[in-house]
Amino acid sequence: MTERAHAEGHADEYAGEQAGGHAGEHAGVWSGSWVAERLGVRLTGDEALTGLLGLALRRNPKRAHLLVSNVLGKHVPQSPAVVHGHGVALGRRVRDLLGAEEAARAVVLGYAETATGLGHCVADGLGPAPYLHSTRRPVAGVARAGGFEESHSHATSHLLLPEDPALLAGDGPLVLVDDEFSTGNTVLNTVRALHERYPRKRYVVVALVDMRSPADAGRLDDFAREIGARVDLVTTASGTVRLPPGVLEKGQELVARHEATATGPTGPAPATPPSGSVERVRLRWPHDVPDGGRHGFTAAHRARLEAALPAMAARIAEALPAGARRVLVLGFEELMYAPLRLAHALEQTVGGDVDVRYSTTTRSPVLAVDDPGYAIRTRLVFPAHDDPADGPGERYAYNVAGGGFDAVVAVVDSAADTPALHAPDGLPARLAAHVPHVLLAVVPSYVPRPPHAPERPSMLSEPLRGPDFSSYAPDEVGWLLQDLSDVTLEAPTEEREEAIQSGGAHYAESLPVEYQPSEQYQDLFHAALETSAARLARAVGAVTEIVLAERSPRPVLVSLARAGTPVGVLMRRWAQFRHGLDLPHYAVSIVRGRGIDANALRWLAGHHDPADVVFVDGWTGKGAITRELAAALREFEATDGITGFDPEIAVLADPGSCVRTYGTRDDFLIPSACLNSTVSGLISRTVLRADLVGPHDFHGAKFYRELAAADLSPDFLDAVSARFPDVTDTVDAQAKDLLSADRTPTWEGWAAVERISEEYGIHDVNLVKPGVGETTRVMLRRVPWKVLARTGAGADLDHVRLLAEQRGVPVEEVADLPYTCVGLIHPQYTRGATGADGKAVTL
């Protein structure tokens, strides 16, 4: 039979399973009877055994049969509540066995790939125990804490890669979790390898089923006495597999005969043109929660995930096709727990209206036979798509095709979201050939943080320059960034706001959709530029003269991308115009809550004297970035031992009184704040996301080449620098006055923001954005609640008033406002939130 023939014709049969019992049962037929009848294999033991297990034939030279669990969620689609419940129940039994004190000191270790999710669930039931699973995916920069072999498996090498090397070093109980305990060899290999390195007094072995022979059971007892440790065993059911003589050879012959007599190839079938649709669903996975236990998963991670699950499940439910009644959430090899918890949350979200099932893809090659008495009814074959260390090969999804599913939600990690996944024979295409709707959800692959004293990378990329990256001339600025132009990062404003305020995402993990200004708004920009160009030129000249006088005679300008970059270009032009200096200028990323790009600092320190570096930004609001930079540089000095960078930022305007180096403290309109990339060299705001930015990468950004026709970046720069000759005398006088003045920051802007936050019941200074520039950003990129405008503010606010009118945002005049205006982001925003007048926000 061809693979497609295996896949068709069983929707009614699959829909009938589970009606009154375990998965794998079909009208009273045990899903192991086909193998038992042909090979003479027998299961003996607990009454529950045949409900928990079916049988299939491996394509493996080491073992003929495969015990197929009906409650593990690997090969047989099962209710996620059933899968999670079995693991949690085992964990609670371990907790009762150990007692509260010892359970609190335990560490849980699961086995790749089949038991990674089960181990997680056992840890859930045990309580606060941290969890780690072995992996067959090496991760660059993460040291091995151990490894062992699995003798009967088709892929034997297991790696232990905890982010925290101390995870396995304690002396508390080690709980080892596998789906089945067949011979005990894997557990013996693990304990032997770990006990030599991290000896402890107690081990607990956990499995869904214990299928050891009496001789194998004795080996474990002997080994425990040998190492002087206690070894306990906790299982759901137990029994033995009785194998007749010559079963391996007979099994191989049976597999060969079935594959030879099939009407199509036994390997991957030719790609079938998809008949179903494939689309992505954005999960908004919570920041800093690992995608699984490959590098460790703590109780704190579990709590954050629990809090985020309902919202992620709601997004999946919203993306499901109308009328869907049977849905499969399909995990990916070792990525079992995240898809399971998403499936469980989805099951709870949709209630009884939708039958939700869960299973995962696998590396394990198994024969598929279209018979109710056989556990693997259908097989989909597709190429590996995560660049595996052992090279390319086939991967499989069992019992999915022909399962009567209206939709499949395929969940992969970002390391596996590759071109191979989206190829014509990739997993989504193979699924779409059999299922009407396929949703793809990508969980960011967790990248462990570097150790406290990271090894410096031997080579960092050279700066990106125009015209290949940005519309600025190549000598105007070098971007210490990586180009992410080919990555889809934009999300609707309302989705980003909800994710940011709920804690499910950081603002630097996605990009707002680029605002395309109306003709009326563009007219305001040009009018503002015409009236303010001279004032901007004076501020540029003044701040540049202060930098040259106080900081360095040949400074290295480092603008904070992206608002600071046009200012850095203008300061460089002033130094060239007034003093004949050709100053180096770079742009780097700084992210609130994450700090400045440390790799960019390393590059700068390797090419320039840090003491000559002057950080440049456009304006200050309440001074959050000023504080962020100072804290980040302190941390960088501690980790890298590189000193000399001055945290003092040079800005055009300092209405918040946060810095000493500025051109003016007036809160006036800087026209570059009116637009996004089209006045900043067509560069996006910077991006910092773990699956895109590795430990040796610069932060990322996009170059919007497609917006070239709307680019006003050169116009803005030329309009301001054209006024330089006209303002030279004024700049000299202004700089002289500033150099002799007391410019000590008063931080009055921060105090004003705190007062406004409390007066308006927001209670979060991050949602209060003071000044014309920051208010404009609120209107363009966030969900605004209201605008506070100083009574009598004139043309500087024309563009803000227009944006407010277009978005239905009230503008409230305030007599004693210390800024020209203040933008208030909608507090506690959800898509059901209301505005100041009690009506739904206009988006």
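Residues numbered from 1 in each chain as written. Predicted model: local features only at pLDDT ≥ 70, side-chain atom pairs only at ≥ 80, totals over all residues. Heavy atoms only, no water.

## Notes on the overall build of the protein
Counting secondary structure elements, the protein contains 23 helices and 32 strands. Expressed as a percentage of its 843 residues, the buried residues of the protein come to 60%. Counting contacts in the protein only where the partners sit at least 6 residues apart, residues at least 24 apart contribute 78% of the total. When the accessible area of the protein is evaluated, it comes to approximately 31500 Å², of which 51% is carbon and sulfur surface. (Helix = DSSP H or I, 4+ residues; strand = E, 2+ residues; numbered from the N terminus. Buried < 20%, exposed > 50% of the residue type's maximum accessible area, 1.4 Å probe, protein only. Contact = heavy atoms within 4.5 Å. Areas by Shrake-Rupley, 256 points an atom, 1.4 Å probe, with all protein chains shown as cover.)

## Re helix 11 (residues 299-319)
When the terminal C-alpha atoms of helix 11 are compared, their 30 Å separation across 21 residues agrees well with the 30 Å that a helix rising 1.5 Å per residue should span. Of all the bends found along helix 11, the most pronounced is centred on Leu 309 and spans about 40 degrees, while Pro 310, a proline, follows it within four residues. Along helix 11, the residues classified as buried are His 301, Arg 302, Leu 305, Ala 308, Leu 309, Met 312, Ala 313, Arg 315 and Ile 316. Packed against the buried residues of helix 11 are helix 7 (116-126), helix 12 (337-350), strand 16 (407-413) and strand 17 (437-443). (Expected span 1.5 Å × (residues − 1). Bend = angle between axes of the 7 residues up to and from the residue.)

## A short note on the packing of aromatic side chains
A full pass over the atoms with the stated rule returns 12 aromatic pairs. Taking the centre distance of 6.0 Å and the plane angle of 75 degrees together, the rings of Phe 469 and Trp 479 count as edge-to-face. Pair noted here: Phe 469 is in the loop between strand 17 and strand 18 (478-479) and Trp 479 is in strand 18, with a separation of 10 residues, a long-range link. This pair shows no difference in class: Phe 469 is buried, exactly as Trp 479 is. Their ring planes at 80 degrees and their centres at 5.0 Å tell us that Trp 574 and Phe 724 sit as a pair that is edge-to-face. Separated by 150 residues along the polypeptide, Trp 574 in helix 16 (residues 564-579) and Phe 724 in helix 20 (residues 724-740) bring together distant segments of the chain. Just as Trp 574 is buried, Phe 724 falls in that class too. In this arrangement the basic side chain of Arg 627 is found over the ring face of Trp 747, its NZ or CZ atom lying 4.6 Å from the centre. Over the ring of Trp 750 we find Arg 627; its NZ or CZ atom is 3.9 Å from the centre of that ring. (Phe/Tyr/Trp six-rings, centres within 6.5 Å; stacked < 30°, edge-to-face > 60°. Lys NZ or Arg CZ within 6 Å of the ring centre and 35° of its normal.)

## Looking at the sheet that holds strand 1 (residues 42-45)
Spatially, 6 strands are ordered 1-10-9-8-4-5 in an open sheet, and the strand pairing comes out mixed. The two strands at the open ends of the sheet, each matched to only one other strand, are strand 1 and strand 5 (131-133). Each adjacent strand pair in this sheet contributes to an overall mean axis angle of 30 degrees, direction not counted. Here strand 4 (residues 107-110) pairs with strand 8 (residues 174-181) via 4 bridges, running parallel. Counterpart to Gly 110 in the pairing with strand 8 is Val 177. Set on the sheet, helix 5 (residues 80-98) makes contact with strand 8, strand 9 (202-210) and strand 10 (230-242); between it and strand 10 the angle comes to about 140 degrees. (Pairing = 2+ DSSP bridges. Axes fitted to C-alpha atoms, helices over the stretch in contact; angles between N-to-C directions.)

## Some points on the nonpolar core
Ranked by internal contacts, the top residues of the largest apolar core, which has 131 residues, are Leu 57, Leu 168, Val 175, Val 206, Tyr 374, Val 409 and Leu 431. Tallying contributions element by element places helix 12 first for this core, with 8 residues. Other than its neighbours up to four places away in sequence, Val 175 contacts Val 94, Ala 106, Val 107, Val 108, Leu 109, Val 122, Leu 126, Val 204 and Val 206. The next biggest cluster of nonpolar side chains, apart from the first, holds 75 residues, and it includes Tyr 521, Val 540, Val 569 and Leu 682. (Core = buried A, V, L, I, M, F, W, Y, C linked by side-chain atoms within 4.5 Å.)

## A few points about the sheet that holds strand 32 (residues 821-825)
Spatial ordering of the open sheet is given by 29-32-30-31, a layout of 4 strands whose pairing is mixed. Both outer strands of the open sheet, strand 29 (768-770) and strand 31 (811-814), are each paired with one neighbouring strand and no more. Sheet twist, expressed as the mean angle between neighbouring strand axes with direction ignored, is 20 degrees. Two strands pair when backbone bridges link them, and strand 30 (residues 784-790) and strand 31 are joined in this way by 4 bridges, in the parallel orientation. Bridge pairing in strand 31 links Arg 790 to Val 814. Taken strand by strand, helix 21 (residues 748-759) contacts strand 29, strand 30 and strand 32, and its axis lies near 140 degrees from that of strand 29.

## Some details on the side chain of Glu 347
For Glu 347, the location among the structural elements is in helix 12. Notably, Glu 347 is buried but unbridged: the nearest opposite-charge side chain belongs to Arg 357, and the N-O separation is 5.1 Å. The contact partners of Glu 347, leaving out residues within four places of it in the chain, are Ser 79, Pro 80, Ala 81 and Val 356. (Lys, Arg positive; Asp, Glu negative; His and termini not counted. Salt bridge = Lys/Arg side-chain N within 4 Å of Asp/Glu carboxyl O.)

## Some remarks on the confidence of the model for the protein
Residues with a pLDDT of 70 or more make up 87% of the protein, whose mean pLDDT is 84. The model gives residues 1-25 a pLDDT under 50, and that stretch makes 60 contacts with residues more than four places away or in other chains. In this model residues 830-843 is a low-confidence stretch, pLDDT under 50, and it forms 27 contacts with partners more than four residues away in sequence or in other chains. (pLDDT = per-residue confidence, 0-100.)

## Overview of helix 21
An ideal rise of 1.5 Å per residue puts 16 Å on 12 residues; helix 21 measures up with 16 Å between its terminal C-alpha atoms. Those residues of helix 21 that are buried lie in contact with helix 18 (624-640), strand 29, strand 30 and strand 32. Two residues or fewer past helix 21, Gly 761 is found with a positive phi of approximately 70 degrees.

## Examining the packing of helix 15 (residues 519-550) against helix 20
Two measures define how a pair of helices packs: the angle their axes make with one another and the distance between the axes. Axis separation between helix 15 and helix 20 bottoms out at 8 Å; the angle between their running directions is 50 degrees. The angle between helix 15 and helix 20 falls in the class oblique. Regarding helix 15 and helix 20, the two cross each other, and that crossing is right-handed. Contacts between helix 15 and helix 20 involve Ala 534, Ala 537, Arg 538, Val 540, Gly 541, Ala 542, Glu 545, Ile 546, Ala 549 and Glu 550 on the former and, on the latter, Phe 724, Val 727, Thr 730, Val 731, Gln 734, Ala 735, Leu 738 and Leu 739. Considered class by class, the residues forming the contact of helix 15 with helix 20 number 12 nonpolar, 3 polar and 3 charged. (Parallel < 35°, antiparallel > 145°, perpendicular 65-115°, else oblique. Left-handed = near helix turned anticlockwise from the far one by under 90°. Nonpolar A, V, L, I, M, F, W, Y, C, P; charged D, E, K, R; others polar.)

## Describing unusual backbone geometry
Phi is mostly negative for residues that are not glycine, and the peptide bonds are mostly trans. With omega at -5 degrees, the peptide bond leading from Ala 112 into Glu 113 counts as cis. Structurally, Glu 113 is set in the loop between strand 4 and helix 7. Look at the link from Gly 466 to Pro 467: it is a cis peptide, with omega at 5 degrees. Checked against the element boundaries, Pro 467 lands in the loop between strand 17 and strand 18. We note that Arg 284 has phi near 60 degrees; this positive angle belongs to a residue other than glycine. Among the structural elements, Arg 284 can be located in the loop between strand 11 (277-280) and helix 11.

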